[in-house]
Amino acid sequence: MFKITFFLVSLINGQQEMTIGGSETYATYESCMASAEFVAQNSPQGYRTIWECTKAG
């Protein structure tokens, strides 16, 4: 299992904000990466997404 962690970074003040997406787990690393790329492409206006997929357990 792989767990994804997202951070939204404000481009205005540079502060990181943890989002709820940090609790999602996936069976494969590829699924985790696909989800991360989707979220990164759909970041809210004025924010940049930083993500990380890590092995859970």
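Novice: How do you make sense of the overall build of the protein when you look at a structure like this?
Specialist: Looking only at helices and strands, the protein has one helix and four strands in total. In the protein, buried positions account for 26% of the 57 residues. Nonlocal contacts in the protein, meaning residues at least 24 apart in sequence, comprise 58% of its contacts between residues at least 6 apart. Here the protein displays about 4000 Å² of accessible surface, and carbon together with sulfur accounts for 55% of that area.

Novice: Got a minute to help me understand the environment of Gln 16 in this structure?
Specialist: Residue position: Gln 16 is located in strand 2 (residues 16-18). Judged by relative accessible area, which is 51%, Gln 16 ranks as exposed. Considered as a pair, Gln 16 and Arg 48 are 32 residues apart in the sequence and their alpha carbons are 9.5 Å apart. When near neighbours in sequence (up to four residues on either side) are disregarded, Gln 16 contacts Phe 7, Leu 8, Val 9 and Ile 50.

Novice: Quick question: what am I supposed to make of helix 1 (residues 29-41) here?
Specialist: Because an α-helix completes one turn every 3.6 residues, residues spaced three or four positions apart along the sequence face the same direction. Between its first and last C-alpha, helix 1 extends 18 Å over 13 residues, near the 18 Å set by a 1.5 Å rise per residue. When we look at burial in helix 1, the residues that qualify are Cys 32, Ser 35 and Ala 36. In a view along the axis of helix 1, the buried residues occupy a sector of 100°, so they form one face of it. In helix 1, the exposed positions that point more than 90 degrees away from the buried face belong to Glu 30, Phe 38 and Gln 41. On its buried face, helix 1 sits against strand 1 (2-10), strand 3 (25-26) and strand 4 (47-55).

Novice: What exactly am I supposed to notice about the nonpolar core here?
Specialist: Soluble globular proteins: nonpolar side chains tend toward being buried together. Judged by nonpolar contacts, Phe 2, Ile 4, Phe 6, Tyr 26, Cys 32, Ala 36 and Cys 53 together constitute the single largest core of seven residues. Listing elements by their share of this core, those giving two or more residues are strand 1 and helix 1. With three residues, the top contributor of residues to this core is strand 1. If we skip the residues at most four places from it in the chain, Tyr 26 touches Met 1, Phe 2, Ile 4, Ser 31, Cys 32 and Ser 35.

Calculation notes
Residues numbered from 1 in each chain as written. Predicted model: local features only at pLDDT ≥ 70, side-chain atom pairs only at ≥ 80, totals over all residues. Heavy atoms only, no water. Helix = DSSP H or I, 4+ residues; strand = E, 2+ residues; numbered from the N terminus. Buried < 20%, exposed > 50% of the residue type's maximum accessible area, 1.4 Å probe, protein only. Contact = heavy atoms within 4.5 Å. Areas by Shrake-Rupley, 256 points an atom, 1.4 Å probe, with all protein chains shown as cover. Expected span 1.5 Å × (residues − 1). Arc of directions from axis to C-beta. Core = buried A, V, L, I, M, F, W, Y, C linked by side-chain atoms within 4.5 Å.

The quantities given are spatial measurements derived from coordinates; they are silent on function.
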